[in-house]
Amino acid sequence: MPTVSLIRADSYERQRLRTYVETLLEPLGGMRAFVKKGDRVLLKPNLLTSGRLGKECITRPELVYCVAQLVQEAGGKPFFGDSPAFGSAKGVAEANGYLPIMEELNLPVVEFHGQRYETASLTFNHLRLCKEAMDADVVINLPKMKSHMQLTLTMGVKNLFGCVPGKMKAWWHMEAGKDENRFGEMLVETARAINPDLTILDGIIGHEGNGPSGGEPRQLNVLGASSDVFALDRSMVEILNVDPTLVPTITAQERLGLSSGFADIQYPLQRPGELQVLDWKLPDALMPIDFGMPRVIKSTFKHLYIRFIKEPLKTYAQQ
């Protein structure tokens, strides 16, 4: 029976947030249950974009700071990374206020590089995934709670799609996006292959409406954690009072037998019903998941322009 730890949390102030995270992890054994001395620990936040500052599109740096501190105190060696839609992980992180915590904690940011890995799924065998996640001793998944115009919601499972390097994500939208069930299964199989040791979901302020970047901030006042990313996602759907059949990743994980029934999840602290909101805004309308070739080409050129021209020029101008 999977365990999901849930608490009400209403502040990103560092000391209060640290207390929240410690309280959240206590029923799971604390950080030392996941991190041993010398472990290389990948922190995988959501670093979607640098273009919507203040709209709560990404995992807050304050949460990454607190988690990185706890990892260091457990004897681990934390680093963080992602594969943003446009630009580099470092560029998006710095634009969203990560630089002070990177400097204070000597926290490296890495760019993801792809390699093919054999997986348990015959349908999606040999997924191309980032070696930085696959080679890490510990992976801590740090998603942001958001609505999503293609997948209804984006939570822990969808955040691990960021471990698919570069524009391979756009290729998957083109290849598997014509079938909602197939695309959902690809996301779930990616999460199963990465197999995060711990997922801590940033739901203090979420992003509702036309997400993952076109919506608006929403005070949700929730932090959730589990060693079972599938159980945590199922719990968050309950908190948001969203029909689970509307979320392709939820239906896929249930279809593949990777998700326990909601009634089988243990809640040592607060239960979803105690944290439930009844007026969370979903997208105005769902967009097709699949990308056509023109969109993939345009997206690729935009990514390359930001990564290799715009970001270097900005750095040069600051010197």
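Values in this document were obtained by computation on a predicted structure and should not be read as measured data. (Residues numbered from 1 in each chain as written. Predicted model: local features only at pLDDT ≥ 70, side-chain atom pairs only at ≥ 80, totals over all residues. Heavy atoms only, no water.)

Peer 1: Whenever I open this one, the pattern of salt bridges confuses me. Can you help?
Peer 2: Two side chains of opposite charge can pair, provided their charged atoms sit close to one another. Following the criterion strictly, the structure yields 17 salt bridges and no others. In the salt-bridge network here, residues are joined through shared partners; they are Glu-56, Arg-60, Glu-62, Lys-144 and Asp-202. (Salt bridge = Lys/Arg side-chain N within 4 Å of Asp/Glu carboxyl O.)

Peer 1: Where do I start with the nonpolar core in this structure?
Peer 2: Here is a general trend for soluble globular proteins: nonpolar side chains tend to be buried in one another's company. Ranked by size, the top nonpolar core spans 44 residues in total, and within it Met-31, Leu-43 and Ile-140 carry the most contacts. A total of eight residues in this core trace back to one element, the largest contributor, which is helix α2 (residues 61-73). Once residues lying within four places of it in the same chain are set aside, the contact partners of Ile-140 are Met-31, Val-41, Leu-42, Leu-43, Lys-44, Val-67, Val-71 and Leu-198. Counting 28 residues, the second largest nonpolar core, distinct from the first, contains Tyr-117, Leu-129, Val-139 and Leu-187. (Core = buried A, V, L, I, M, F, W, Y, C linked by side-chain atoms within 4.5 Å. Buried < 20%, exposed > 50% of the residue type's maximum accessible area, 1.4 Å probe, protein only. Helix = DSSP H or I, 4+ residues; strand = E, 2+ residues; numbered from the N terminus. Contact = heavy atoms within 4.5 Å.)

Peer 1: So what exactly am I meant to see when it comes to the packing of helix α1 (residues 14-25) against α2 here?
Peer 2: When two helices pack together, you describe them by how their axes are tilted relative to each other and by the distance separating the axes. Following both chains from N to C, one finds α1 and α2 inclined at 60 degrees, their axes separated by 9 Å at the closest point. Judged by the angle between their axes, α1 and α2 are oblique. The two elements α1 and α2 cross, and the hand of that crossing is right-handed. Listed contacts from α2 to Arg-14, Leu-17, Arg-18, Val-21, Glu-22 and Leu-25 of α1 are Glu-62, Leu-63, Tyr-65, Cys-66, Gln-69, Leu-70 and Glu-73. (Axes fitted to C-alpha atoms, helices over the stretch in contact; angles between N-to-C directions. Parallel < 35°, antiparallel > 145°, perpendicular 65-115°, else oblique. Left-handed = near helix turned anticlockwise from the far one by under 90°.)

Peer 1: Looking at this model, I keep getting lost on the side chain of Asp-39. Mind explaining?
Peer 2: Looking at where Asp-39 falls in the secondary structure, it is placed in the loop between α1 and β2 (40-45). Separated by 2.8 Å, the side chain of Asp-39 and the backbone nitrogen of Lys-36 make a polar contact. Excluding residues that lie within four positions of it along the chain, Asp-39 makes contacts with Phe-34, Gly-75, Gly-76, Lys-77, Asp-137 and Val-138. (Polar contact = N/O pair within 3.5 Å; in protein donor to acceptor, adjacent residues only side chain to side chain.)

Peer 1: Sorry if this is basic, but what is going on with the pairing of strand β11 (residues 216-226) here?
Peer 2: Two faces make up the sheet, and in a regular strand the side chains alternate between them. With respect to burial, β11 is a largely interior element, eight of its eleven residues being buried. In the sheet, strand β1 (residues 5-8) pairs with β11 via four bridges, with the strands oriented antiparallel. Within β11, the position partnered with Leu-6 by the bridge is Gly-224. One ladder, built from nine bridges, connects strand β10 (residues 198-208) with β11; its direction is antiparallel. (Pairing = 2+ DSSP bridges.)

Peer 1: I would appreciate a short explanation of the packing of aromatic side chains in the present structure.
Peer 2: Two measures describe an aromatic ring pair: the distance that separates the ring centres and the angle between the ring planes. Here the structure, examined in full by the defined rule, presents three aromatic pairs. Each ring, one from Phe-161 and one from Phe-183, has its centre 6.0 Å from the other, and the planes form 80 degrees; the classification is edge-to-face. One end of the pair, Phe-161, is in the loop between α6 (156-159) and α7 (168-176); the other, Phe-183, is in helix α8 (residues 180-194), with 22 residues separating them in the sequence. There is no split in this pair, since Phe-161 and Phe-183 are both buried. A centroid spacing of 6.2 Å and a plane angle of 50 degrees characterise the contact between Phe-262 and Tyr-267, whose relative ring orientation is tilted. Residue placement shows Arg-14 over the ring face of Tyr-65; its charged tip is 3.7 Å from the ring centre. (Phe/Tyr/Trp six-rings, centres within 6.5 Å; stacked < 30°, edge-to-face > 60°. Lys NZ or Arg CZ within 6 Å of the ring centre and 35° of its normal.)

Peer 1: Whenever I open this one, unusual backbone geometry confuses me. Can you help?
Peer 2: Following Gly-211, the chain continues to Pro-212 via a peptide bond in cis, the omega torsion being 20 degrees. Positive phi values are uncommon outside glycine, yet Asn-106 reaches one of about 50 degrees. Residue placement: Asn-106 occurs in the loop between α4 (99-105) and β4 (109-111). Its identity is not glycine, yet Asn-221 carries a phi of approximately 65 degrees, on the positive side.

Peer 1: Explain α1 here, please?
Peer 2: An α-helix turns once every 3.6 residues. As a result, residues three or four positions apart point the same way. Taking 1.5 Å per residue, twelve residues should reach 16 Å; α1 reaches 16 Å between its end C-alpha atoms and fits that length. Of all the positions in α1, only Leu-17, Arg-18, Tyr-20, Val-21, Leu-24 and Leu-25 are classed as buried. Seen from one end, α1 has its buried residues packed into an arc of 160 degrees, which puts them on one side. The inward-facing, buried residues of α1 abut β1, α2, β10 and β11. (Expected span 1.5 Å × (residues − 1). Arc of directions from axis to C-beta.)

Peer 1: Would you mind going over the environment of Gln-276 with me for this structure?
Peer 2: By secondary structure assignment, the location of Gln-276 is in the loop between α11 (272-275) and α12 (293-318). Other than its neighbours up to four places away in sequence, Gln-276 contacts Glu-238, Ile-239 and Asn-241.

Peer 1: Just checking my understanding: could you explain helix α9 (residues 229-239) for this structure?
Peer 2: Among the eleven residues that make up α9, ten are buried, leaving the element largely enclosed by the rest of the structure. Listing the buried residues of α9 in full gives Val-229, Phe-230, Ala-231, Leu-232, Asp-233, Arg-234, Ser-235, Met-236, Val-237 and Ile-239. A distance of 3.0 Å separates the backbone nitrogen of Phe-230 from a side-chain oxygen at the start of α9, and that oxygen is part of Asp-228. Two residues or fewer after α9 comes Asn-241, characterised by a positive phi angle close to 60 degrees.

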